[in-house]
Amino acid sequence: MADKQFNEDSADAISHLAGEFNKLPGIGPKSAQRIAFFLMRSSEEQGRQLAEAILSLKEKVKLCSICFNVTETDPCRICASVQRDNSRICIVEQPQDIIAIEHTGIYTGLYHVLHGAISPTEGIGTDSIRIKEVISRLTDSDVQEVILATNTNLEGEQTAMYLGKLIQPLGISVTRLARGLPFGTELEYADDVTLSRAFEGRQTF
Ligand SMILES: [Zn+2]
């Protein structure tokens, strides 16, 4: 009886954890269950490290008050750096896009993270993403070029179009990444060469 109780309790814990993993992007119910069983068999130390990594992520990581990139310091290391070219701001949808662009090493300017793209079908309007923050950042600034690096899908294009119309009247040159990126590309998955070419070949919007 005690054994049965134990089994039921542990099975509950496994399905609870599997349920949590299943909420994560790209993890279906099968994978979620596999990870939960893997963790059950792994050492207590391994489980603790994972739990602590998640907690420390939630405790330490915040958004930069200037560019809205994820950071442990405010401003983030890119905004705080004196080596970055502060006459350029590259606007991206997600923090992961910055990682992809930084990986190419081709860009030395600053960033602005929108945290999404305009999508009327999903109810994401212009106020749901960090658009007014970038406009106030650009107003009366020394910025000479804004690079629109939103994704090349419908939402990304709509967002770029909207931003272009708002930014051009400020007297700032607006460019869009070149068409080397196939339609439908999410920036974070673009390879270094394609992304570098798209940057070099960026065109006036
Ligand atoms: Zn920043």
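Reading the values: rules and limits
Residues numbered from 1 in each chain as written. Predicted model: local features only at pLDDT ≥ 70, side-chain atom pairs only at ≥ 80, totals over all residues. Heavy atoms only, no water. Patch = residues over 30% accessible without salt bridge, like charges linked within 9 Å, V, L, I, M, F, W, Y side chains within 5 Å. Areas by Shrake-Rupley, 256 points an atom, 1.4 Å probe, with all protein chains shown as cover. Salt bridge = Lys/Arg side-chain N within 4 Å of Asp/Glu carboxyl O. Helix = DSSP H or I, 4+ residues; strand = E, 2+ residues; numbered from the N terminus. Buried < 20%, exposed > 50% of the residue type's maximum accessible area, 1.4 Å probe, protein only. Contact = heavy atoms within 4.5 Å. Pairing = 2+ DSSP bridges. Axes fitted to C-alpha atoms, helices over the stretch in contact; angles between N-to-C directions. 1 Å grid on protein atoms, 1.4 Å probe; cavity = no way out; pocket = protein on both sides within 12 Å on 5 of 7 lines; lining within 4 Å. Points joined across faces, edges and corners; volume = space filled by probe spheres on them. Nonpolar A, V, L, I, M, F, W, Y, C, P; charged D, E, K, R; others polar. Phe/Tyr/Trp six-rings, centres within 6.5 Å; stacked < 30°, edge-to-face > 60°. Right-handed = clockwise from strand over helix to strand, strands pointing away.

1. What about a nonpolar patch on the surface?
Here is step 1 of the chain: A surface patch of nonpolar side chains, about 290 Å² in accessible area, is lined by L57, V61, L63 and V70.
Here is step 2 of the chain: As for its position among the elements, V70 is in strand β2 (residues 70-71).
Here is step 3 of the chain: Accessibility expressed as a relative area gives 40% for V70, which makes it partly exposed.

2. What about the environment of I35?
Here is step 1 of the chain: Note that I35 resides in helix α2 (residues 29-41).
Here is step 2 of the chain: Here I35 falls in the partly exposed class, since its relative accessible area comes to 28%.
Here is step 3 of the chain: If near-sequence neighbours (up to four positions away) are discounted, I35 is found in contact with F21 and I27.

3. Comments concerning the pairing of strand β5 (residues 145-148)
Here is step 1 of the chain: Of the two faces of β5, both are covered, the one formed by E145 and I147 as well as the one formed by V146 and L148.
Here is step 2 of the chain: Sheet analysis places strand β3 (residues 85-92) next to β5, joined by four bridges and oriented parallel. Among the inter-strand pairings, I89 is bridged to a residue of β5, identified as V146.
Here is step 3 of the chain: In this structure, β5 lies alongside strand β6 (residues 173-176), joined through four bridges in parallel fashion.

4. Brief notes about the sheet that holds β6
Here is step 1 of the chain: Across the sheet, which stays open at both edges, the five strands sit in the order β4-β3-β5-β6-β7 with mixed pairing between neighbours. Unpaired on one side and paired on the other, β4 (109-113) and β7 (203-204) mark the two borders of the sheet.
Here is step 2 of the chain: Taken strand by strand, helix α7 (residues 154-167) contacts β3, β5 and β6, and its axis lies near 170° from that of β6.

5. Quick notes on the layout of surface pockets
Here is step 1 of the chain: As a volume, the largest pocket reaches approximately 240 Å³.
Here is step 2 of the chain: Forming the walls of the largest pocket are L17, E20, F21, L24, L39, G47, L50, A51 and I54.
Here is step 3 of the chain: Where the lining of the largest pocket is concerned, the elements lending two or more residues are α1 (2-22) and α3 (44-60).
Here is step 4 of the chain: Sorting elements by how many residues they give to the lining of the largest pocket places α3 first, with four residues.
Here is step 5 of the chain: Per-class residue counts for the lining of the largest pocket are seven nonpolar, one polar and one charged.

6. Re the packing of aromatic side chains
Here is step 1 of the chain: Taken as a whole and judged by the stated rule, the model has two aromatic pairs.
Here is step 2 of the chain: On the numbers, 5.2 Å between centres and 65° between planes, the contact of Y107 with Y111 is edge-to-face.
Here is step 3 of the chain: Looking at Y111, the relative accessible area reads 1%, which means it is buried.
Here is step 4 of the chain: Centre to centre, the rings of Y107 and F199 are 5.2 Å apart; their planes meet at 40°, and the pair counts as tilted. You can see Y107 sitting in the loop between α5 (95-104) and β4 and its partner F199 sitting in helix α8 (residues 192-200), a full 92 residues away along the chain. Here Y107 matches F199 in class, with each residue buried.
Here is step 5 of the chain: Within the aromatic cluster, the residues linked to one another by ring pairs are Y107, Y111 and F199.

7. Some details on the pairing of β6
Here is step 1 of the chain: Chirality of the crossover, the property in question, places the unit of β5, α7 and β6 among those that are right-handed.
Here is step 2 of the chain: Here two bridges tie β6 to β7, and the two strands are oriented antiparallel to one another. Across the sheet, residue R176 finds its bridge partner in β7, namely Q203.

8. What to know about the pattern of salt bridges
Here is step 1 of the chain: A full pass over the atoms with the stated rule returns eight salt bridges.
Here is step 2 of the chain: R84 serves as the salt-bridge partner of E102, at 2.9 Å between the closest nitrogen and oxygen. One end of the pair, E102, is in helix α5; the other, R84, is in the loop between α4 (77-80) and β3, and 18 residues separate them in sequence.
Here is step 3 of the chain: Residue R202 pairs with E145 through a salt bridge whose shortest N-O separation is 2.6 Å. One end of the pair, R202, is in the loop between α8 and β7; the other, E145, is in strand β5, and 57 residues separate them in sequence.
Here is step 4 of the chain: Bridged by salt links that share partners, the residues D85, R88, E145 and R202 form one connected network.

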